[in-house]
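# Summary of the model geometry
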Amino acid sequence: MNKFIQLNSFKGDLTGGVMGGIIGIPICMGYSVLAFAPLGEKYLPLGIVSFIASMIVMNIVTAFFSGVKILINGPNALVAVMLASVLSAGLKIAEGMPNQAQLALTLLFLVCLIAGLIQTLSGVLKIGGLAKYIPLPVVAGLMNGTAVIIMSKQIRPLLGLKADAVLSNFDFLSKNAQMPTLAVGIITFATIMFGPKILKSIPPAIMGIIVGTGSYYGAKALVGAPHLGPVIGEIPSGIPKPEYIWYFMKLFGESDIIKSIPSLLPLAASLAVVATLLTLIAVVTADSMNGERSDSNRELIGQGIGNTIASLFGGTTNIGSVTAMVTSFTNGAQSATSKLICGVFMLGILLALGVFIALVPKVVLAGVLVFMAIKLLEPWSLALFSDIFKRKISLKESAMDVAIIMTVLLILVFMGVIQAVFAGIIISLIYFVYRMTMDNVRREYGADKVHSNTMRNEQEFTILEQNGDKIKVLELEGALFFGTTDKLSCHIEHLLTEQDVEFIILDFARVSEIDSTGFNILMKASMNFKKRNVVLAISAIRSKNKISVMVDTTNICGAIGKEYFFDSIDDALSWTEDRLLDNYLGIERYSKTIALKDFGMLRALTKDENEIISGYVELNSYNDGDKVFKQDEEADRIHLLAKGRAHIIIRLANGATLRVGTLSLGTVFGEMAVIDSKPRSATVIADGHIECYEFTVDSLSRMKKENPEIAFKFISGLSHELSKRIRISNRIVTELKA
């Protein structure tokens with residue numbers, strides 16, 4: 001049995017599966033109106049059966065092949081609009097033939113079959129994820145355009161008019177519009193909108209159908225209101241059978257039809273792309289709900305197999321339905337058993353409740369569809385237009401997003417859904433190229449404004465503030481390929497020409513990928529830098545990702561130098577700061593022990609006071625790797641680093657350790673735990689041989705009693721040191737925020 005099907009969660013899966021099916025009933029009824037509209041009203045019952053059959057087959061099949069165990073499958077509005085376009089194309093192909101409607105239906109399900117095969121192939125080849133690169137404005141345009149189409153198509157049924165009624169003739173509308181019919185539609189809509197505030201146990205759409213149908217028959221019984229519009233009509237009964245295998249085979253006997261099938265392939269491809277995109281969105285939602293990471297390619301394979309088999313039963317294309325899945329999950333669904341139950345439940349609905357579905361008025365479905373259309377409007381785009389209207393953001397800032405949304409929407413509404421999908425794909429490619437050619441430098445700063453986490457003495461900080469602009473950090477983002485890397489090389493070249501720069505750090509923390517051409521340009525740029533005595537350093541290339549693999553397979557380490565690759569931007573910045581300071585202070589400074597009087601915090605002391613304070617201090621030595629003190633231990637002294645360097649290490653909640661900073665000679669550390677009488681917040685480990693002046697708590701207490709003026713100057717100097725650190729930290733934060 002599939003590992004996703006679990007019997008130990010059967011109770012929750014039973015409730016969740018049934019609720020997922022219940023929420024699917026109005027969706028099937030409503031969207032079948034959209035998809036089967038080209039065939040006329042008499043085919044609506046068949047459309048409802050087709051949509052329910054697809055939910056039956058899809059959920060049963062994907063229970064065994066799915067990659068997301070809680071994802072319930074169901075119809076979708078955009079897919080329904082696309083199916084209507086396919087039916088229209090099928091009717092045109094079969095025009096003039098005696099069995100035109102049946103041929104059009106056969107071509108519809110053939111397109112669904114081909115789309116399912118494309119989905120399956122996409123999952124097998126692991127290329128389905130490319131759909132995720134379709135930008136949000138394109139998706140918003142498709143969703144909003146679909147909402148506009150759905151709402152516009154409900155005007156006639158809401159007003160009790162025939163499908164061919166001319167809406168632009170206001171005189172005709174005023175004479176023929178049926179207000180009782182409109183009232184039923186409004187009651188249905190209002191029930192769905194406000195009903196959950198009164199009764200939360202019934203799904204809103206089901207409640208709307210019940211109340212709307214009741215008002216329809218109530219109006220007929222009480223006031224004999226005429227012209228309330230037709231009902232759905234008799235629903236074909238029986239268990240769905242794979243009868244379209246026979247119809248597909250019969251197509252080979254229709255030579256004219258066979259010749260036209262290639263013209264349907266773009267429709268099938270568009271359907272597959274849209275179904276894939278919407279399913280991937282549902283996969284992300286499912287993963288965020290159940291806290292797991294699903295195999296999206298396996299899900300596409302399952303979706304493709306399910307849609308392929310459903311087409312044989314006269315079922316339409318389904319996707320992973322966010323609405324049905326959320327309902328199912330919140331009612332206890334935990335495994336793919338819920339899908340199986342949903343499929344079986346929908347079969348029971350088809351067999352047992354067909355007679356009741358037949359009694360539902362079409363105007364009620366129109367009210368349901370208007371509500372669904374409003375819910376379909378893309379939230380991000382609504383927020384964007386709201387912010388523009390309220391002038392929170394300027395139209396200029398969001399001009400590209402607005403232009404893409406409106407372009408796709410208008411093409412969908414006035415030209416057709418297939419044209420809109422292809423326009424969306426073309427816009428996506430243009431958008432991708434545009435984003436790829438944008439400047440990859442997210443932020444640029446110098447070491448005079450932003451320092452590493454290395455705590456330095458006053459002399460070193462002064463030098464960095466005066467000369468740190470010779471170190472330039474370029475935070476990169478996005479993808480680096482031929483065009484963008486060459487642009488980056490020109491950016492650096494301009495930097496070297498205009499400013500006195502000795503070190504360039506490229507921070508790769510936000511770089512998504514880089515190709516071999518990009519690395520080749522970087523290697524050539526590095527050779528040019530060496531001729532100018534400029535050091536190129538690279539930071540934050542994470543191990544075992546695509547970029548690190550490229551580093552291993554190219555000669556970039558040899559060209560730039562392995563020693564110039566750093567795990568983090570802080571490591572790279574600390575290293576370049578040290579090299580810059582070597583030029584001013586010499587490389588031997590860490591091997592010398594500085595005198596107590598040379599510490600910045602003690603420079604306010606006179607010569608005599610320095611001699612006195614030396615009687616309260618100990619000079620202790622630590623070898624490489626020795627722990628000066630440990631995290632969580634009690635603090636008993638303040639340390640002044642007189643020689644060498646040390647690292648600050650913290651222990652994380654999961655037991656791992658993290659280096660958060662480095663101490664250089666002339667700095668004070670360990671003072672906070674003494675001041676607030678709390679345990680040590682970190683561990684300090686010697687980096688090579690170090691020496692520390694140490695003031696114990698007892699010696700400080702003794703100094704306070706014996707030499708209060710010196711003790712006051714000591715505390716004052718320590719306060720000055722702490723305020724300097726806070727001031728530097730605030731400036732760095734301000735710089736990075738800017």
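The coordinates are above.
Residues numbered from 1 in each chain as written. Predicted model: local features only at pLDDT ≥ 70, side-chain atom pairs only at ≥ 80, totals over all residues. Heavy atoms only, no water.

Turning next to the overall build of the protein. Assigned secondary structure in the protein consists of 30 helices and 14 strands. Dimensions of the protein, computed from C-alpha atoms along their principal axes, come out at roughly 110 × 60 × 60 Å. Taking all 738 residues of the protein together, 52% fall into the buried category. Sequence separation of 24 or more characterises 81% of the internal contacts of the protein that already satisfy a separation of 6 or more. Counting every atom, the protein has about 34400 Å² of accessible surface; 61% of that belongs to carbon and sulfur. Computed over 67 positive and 64 negative side-chain charges, the separation of the two mean positions in the protein equals 8 Å. (Helix = DSSP H or I, 4+ residues; strand = E, 2+ residues; numbered from the N terminus. Buried < 20%, exposed > 50% of the residue type's maximum accessible area, 1.4 Å probe, protein only. Contact = heavy atoms within 4.5 Å. Areas by Shrake-Rupley, 256 points an atom, 1.4 Å probe, with all protein chains shown as cover. Lys, Arg positive; Asp, Glu negative; His and termini not counted. Charge placed at Lys NZ, Arg CZ, Asp CG, Glu CD.)

Glancing now at the nonpolar core. Note that soluble globular proteins tend to have their nonpolar side chains buried in a common cluster. In this structure, Met29, Tyr31, Phe36 and Ile232 are the most contacted members of the largest nonpolar core, which totals 104 residues. Ranked by residues supplied to this core, first place goes to helix H4 (residues 100–124) with 13 residues. Aside from chain neighbours lying at most four places away, what touches isoleucine 232 is Met29, Leu44, Pro45, Ile48, Ile357, Ala358, Val360, Lys362 and Leu365. Counting 27 residues, the second largest nonpolar core, distinct from the first, contains Val511, Phe519, Met523 and Ala559. (Core = buried A, V, L, I, M, F, W, Y, C linked by side-chain atoms within 4.5 Å.)

What follows deals with the packing of helix H9 (residues 204–222) against helix H17 (residues 362–376). In contact at an axis separation of 9 Å, H9 and H17 are set at 145° when each is read in the N-to-C sense. Every pair of crossing elements has a handedness; the one defined by H9 and H17 is right-handed. Packed against H9, whose contacting residues are Gly208, Ile209, Gly212, Thr213 and Tyr216, the element H17 presents Val363, Val364 and Val368 at the interface. Here the residues of the contact of H9 with H17 are counted per class, giving 5 nonpolar, 3 polar and no charged. (Axes fitted to C-alpha atoms, helices over the stretch in contact; angles between N-to-C directions. Left-handed = near helix turned anticlockwise from the far one by under 90°. Nonpolar A, V, L, I, M, F, W, Y, C, P; charged D, E, K, R; others polar.)

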